[in-house]
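Chain residues, written in single-letter form:
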Amino acid sequence: MVLVWGPQAVKKICDKCNHPATVHEVEIVKGQKIEKHLCDDHAREEGIAVGADYKPINELLTNFVKMHSGSAPAHDLVCDNCGMGFSEFRENSLLGCPQCYIAFEAPLSPLLERAQDNGTHHIGKVPQRCGIGERRQEQLLRMRNRLAEAVKSEDFELAARLRDDISQFEGVVE
Amino acid sequence: MTLGRITTNAGEWLRGAGPRSDVVLSSRVRLARNLAGFPFVSRSSRRQREEILERCRDQIMNGQLAENVLWVGLVECPQVDCQLLVERHLISRQHARANDLARAVAVDTNETFSIMVNEEDHLRIAVLRSGVQLAEAFEQVNRIDNIIEKKLDYAFSKRFGYLTACPTNVGTGMRVSVMLHLPALKLTGEIDKVRRAARDIHLAVRGLFGEGSEAHGDLYQISNQTTLGRSEQEILSEFEHTVVPQIIAYEQQARQALLQQRSVQLDDKIWRAWAILTQARMLGSEEVLTLLSHLRLGVNLGRIQTVDIQTINELFLLSQPAHLQKINGSAMEGAVRRQGRAELIRRRLGAAD
C-alpha cells in the first residue's frame, strides 16, 4: 500500500461525496492499480487512520523550530504586554501571560488546532459570576505590568500610585 | 498538624474499595486555573507570585473547602516530605523541585483533594478517588472550583475558555485520568496495542509518576489530551462509558486467556512473587513493584488468598523511598534502604522472621 499525501495528489474531490479529498491512496491488487481519493470522514469510514500521526504539542513545536532553523526570523513576534517572543514560546511551550493568546493568535491557531484535535473554541464551563470582562482583564494585566516595572526601576512613588489605581480598579464593580 | 498523619493513614483513594478496583486503582480529575490580571507563573515577578499565593491561600484556607486543610510551603518543607507528597500523587515532581517561597500545596487530611499553587499555572486543583469514580471526582473538583471562584477572578476568554500557561490545557483546563493495573495485557504482550489505540483517540499513556515515567508495576495512567472544543461532560462521559470499560474488558480477556491457556506459568509467576516478597532480605523498589503487580493479579484472580488487595495497594506506596524513610524515622540509603524495604514487606505480609 502506498500512501500519497499533499500536493503530489492530483484528484481534489472525494470519491464518495463532494468534499475535498485529503487522503489519496494507491493500492496494487493482483497487478491492478486501484486509486482512492477520500475526504477525512470517508477515509475514517474506510478504516484509514486520519490524523492518527498525532503528536504532543512539544514535539510539534520542536519540529516547527527545526523547520525554521537556520533562517531565524528577523523580527520575532512579541507580546506587547509581557514581552514574551513567539520564538521563546516555541522553545519551552509556555506562554507568558493571558494576553499572549491574542498577540500570537495567528501562528498559535494552527498549532492549537492540531494539538487540540481540531478544537478551536471553548465549549463548557464558564466562571459562575462570569468573571470580569476581557477588556478589564487586559487593563488589569497591563496595570500590574507597569507596577512590576516601576518596582524594578525603584520608582516607588509611581509604584505606590499604581498600587492605589489597581485596588481602586479592582474595587469597581463592572 | 504535620505530614505525619498523612504517612500513617493511607488515603481514601488507596482503599481499593472503589468500583472496578480489580483493574482501576484510582480516578483523578484536575483543573488548571489562573488569576485574571496576572502574568502566568513562569513570567511573573517574585512579588506577583507572593500576591497570587496570598490571595489563593485566603480563599483556600477560609474553612469552606473542608474541615481540615493542610497548607504546605514547599521551600520550608523537608525534602523527604516533598518526595512523600510526590509518591502520594499530591504534587508533581516539578513542584517538589521548586526553589521558590511562593510555591505551596493545600491538601485535605483525608487526601481527597490537593491544590498546587504557583506550579505551571497559578492553581492546579485535583481530586483523587479510588476505583472508577470520575463523575464523583468531577463533582467535587467543580465544587472546589466554584468556592475559590467566589472571591477570585479567573483569566478567561470567550473563545479560548480558561487561559493556561501551556496551550495544551486551554479551554476546560481539565485533565481526567485513571490509574490502571494491566498485568495480563503486559504478560500477553497486548499492551502496545492498547497504547497505540489510546494514542489514536488522543489519549496520553504514562507511567506511575506521570510525564516521562515508566510503567513500573504494570501501572498505567491514561488521560485526555484534548481540552479545547469539548465540554467537561463530553470528556468525562467518553472516559467513563467508552475508554475505561473497553480497557477493563481487554485486560479481563487477557486475564481469562492466561487462566485458560497458561495457568501453570501464571501460578508460577504469582507464587514466585509471594516467595520472594515473603523471604527476601533485600529488595529494590522497581523489583518490588513488579512482584507486587504479579501478586495483585493472583489475588484478583483468586489464585492466592494469603493476602488482601488493600495490603498490596498500600505496599505499592509504602515501599517507595520517602514513605520507607518516614516509617523508619530516619534517612536510609542504598543497601540499608533495600534491607528496610524487605523487612517492611515481610512484616506487612505476616511473614516477619
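Residues numbered from 1 in each chain as written. Chains lettered and ligands numbered in written order. Predicted model: local features only at pLDDT ≥ 70, side-chain atom pairs only at ≥ 80, totals over all residues. Heavy atoms only, no water.

### Considering the state of the cysteines
Inference 1: Counted under the stated rule, the structure contains zero disulfides over all chains.
Inference 2: Here C56 of chain B is not disulfide-linked; the sulfur of C97 of chain A is the nearest cysteine sulfur, at 18 Å.
Inference 3: Here C56 of chain B falls in the buried class, since its relative accessible area comes to 1%. (Disulfide = S-S within 2.5 Å. Buried < 20%, exposed > 50% of the residue type's maximum accessible area, 1.4 Å probe, protein only.)

### Description of the side chain of S114 of chain B
Residue and element names in this part refer to chain B.
Inference 1: Tracing the backbone shows S114 in strand 4 (residues 113–117).
Inference 2: A relative accessible area of 4% places S114 in the buried class.
Inference 3: Aside from chain neighbours lying at most four places away, what touches S114 is L90, V105, A106, V107, R124, I125 and A126. (Helix = DSSP H or I, 4+ residues; strand = E, 2+ residues; numbered from the N terminus. Contact = heavy atoms within 4.5 Å.)

### Some thoughts on the packing of aromatic side chains
Inference 1: Throughout the structure, instances matching the rule amount to five aromatic pairs over all chains.
Inference 2: Arranged with centres 5.0 Å apart and planes meeting at 70°, the rings of F156 of chain B and Y162 of chain B form a pair that is edge-to-face.
Inference 3: Overall, the relative accessible area of 1% leaves Y162 of chain B in the buried class.
Inference 4: The rings of F86, F89 and F104 of chain A are connected pair by pair, giving a single aromatic cluster.
Inference 5: Looking at R144 of chain A, its charged tip hangs above the ring of F38 of chain B, at a distance of 3.7 Å from the centre.
Inference 6: Directly above the ring of Y162 of chain B sits R33 of chain B, whose terminal nitrogen or CZ lies 3.5 Å from the centroid. (Phe/Tyr/Trp six-rings, centres within 6.5 Å; stacked < 30°, edge-to-face > 60°. Lys NZ or Arg CZ within 6 Å of the ring centre and 35° of its normal.)

### Topic: unusual backbone geometry
Inference 1: Positive phi outside glycine occurs at E154 of chain A, with the angle close to 55°.
Inference 2: Along the chain, the position of E154 of chain A falls in the loop between helix 6 (134–152) and helix 7 (156–171).
Inference 3: For E154 of chain A, a relative accessible area of 58% corresponds to the exposed category.
Inference 4: Unusually for a residue other than glycine, E111 of chain B sits at a positive phi of about 55°.

### Digging into empty space enclosed by the protein
All names here are of chain B.
Inference 1: With the rule as written, the count across this model stands at three cavities of 30 Å³ or more.
Inference 2: Lining the second largest cavity are R28, H89, L90, E111, T112, F113, S114, A126, V127 and L128.
Inference 3: Sorting the residues of the lining of the second largest cavity by element identifies strand 4 and strand 5 (123–130) as the ones contributing at least two each.
Inference 4: It is strand 5 that contributes the most residues to the lining of the second largest cavity, three residues altogether.
Inference 5: The residue makeup of the lining of the second largest cavity, split by class, is five nonpolar, three polar and two charged. (1 Å grid on protein atoms, 1.4 Å probe; cavity = no way out; pocket = protein on both sides within 12 Å on 5 of 7 lines; lining within 4 Å. Points joined across faces, edges and corners; volume = space filled by probe spheres on them. Nonpolar A, V, L, I, M, F, W, Y, C, P; charged D, E, K, R; others polar.)

### Observations regarding the pattern of salt bridges
Inference 1: A complete count under the given rule lists 26 salt bridges over all chains for this structure.
Inference 2: Taking the shortest distance from any N to any O, the salt bridge between R272 of chain B and D268 of chain B comes out at 2.9 Å. Taken as a pair, R272 of chain B and D268 of chain B lie in helix 9 (residues 263–279) at a separation of four residues, close to a single helical turn.
Inference 3: For R272 of chain B, a relative accessible area of 52% gives the class exposed.
Inference 4: One network of salt bridges, with partners in common, ties together R144 and E170 of chain A together with E51 and R55 of chain B. (Salt bridge = Lys/Arg side-chain N within 4 Å of Asp/Glu carboxyl O.)

### Remarks on the environment of Q325 of chain B
All names here are of chain B.
Inference 1: The topology assignment puts Q325 in helix 12 (residues 321–328).
Inference 2: Residue classification places Q325 among the buried positions, given a relative accessible area of 13%.
Inference 3: Put simply, Q325 and R337 are 12 residues apart on the chain and 8.0 Å apart in space, counted from C-alpha to C-alpha.
Inference 4: If near-sequence neighbours (up to four positions away) are discounted, Q325 is found in contact with V80, S330, A331, M332 and R337.

### Comments concerning the domain arrangement of chain B
Residues and elements named next belong to chain B.
Inference 1: Split into domains, chain B comes out as domain 1 (3–254) and domain 2 (263–348).
Inference 2: The interface is formed by 23 residues belonging to domain 1 together with 21 residues belonging to domain 2.
Inference 3: Summed over both partners, the interface of domain 1 with domain 2 comes to about 2000 Å²; 67% of that surface belongs to carbon and sulfur atoms.
Inference 4: On inspection of domain 1 and its partner domain 2, the count reaches one salt bridge.
Inference 5: Here K326 ties to D81 by a salt bridge, and the two come within 2.7 Å at their closest N and O atoms.
Inference 6: Remark: the boundary between domain 1 and domain 2 carries 11 residue pairs in polar contact (both at pLDDT 80 or more). (Domains from an automatic or database assignment. Buried area = accessible area lost by both parts, 1.4 Å probe. Polar contact = N/O pair within 3.5 Å; in protein donor to acceptor, adjacent residues only side chain to side chain.)

### Some points on the sheet that holds strand 4 of chain B
Residue and element names in this part refer to chain B.
Inference 1: Read from one edge to the other, the open sheet built from eight strands follows the order 2-3-4-5-1-8-10-9, with strand pairing classed as antiparallel. Looking at which strands have only one partner, the edges of the open sheet turn out to be strand 2 (69–73) and strand 9 (203–206). Taking each pair of neighbouring strands and ignoring which way they run, the sheet shows an average axis angle of 20°.
Inference 2: Strands in contact with helix 7 (residues 191–200) are strand 9 and strand 10 (219–224); relative to strand 9, the strand with the most contacts, it is inclined by about 145°. (Pairing = 2+ DSSP bridges. Axes fitted to C-alpha atoms, helices over the stretch in contact; angles between N-to-C directions.)

### A look at the interface of chain A and chain B
Inference 1: Taken residue by residue, the interface counts 46 residues in chain A and 51 residues in chain B.
Inference 2: Taking both sides of the interface into account, the surface hidden between chain A and chain B amounts to around 4300 Å²; carbon and sulfur atoms contribute 53%.
Inference 3: Counting the surface chain A buries against chain B, the share from its top three residues, Y101, H122 and K125 of chain A, is 17%.
Inference 4: Counting across the chain A and chain B interface gives four salt bridges.
Inference 5: With its nearest N and O atoms 3.0 Å apart, the salt bridge here joins E170 of chain A to R55 of chain B.

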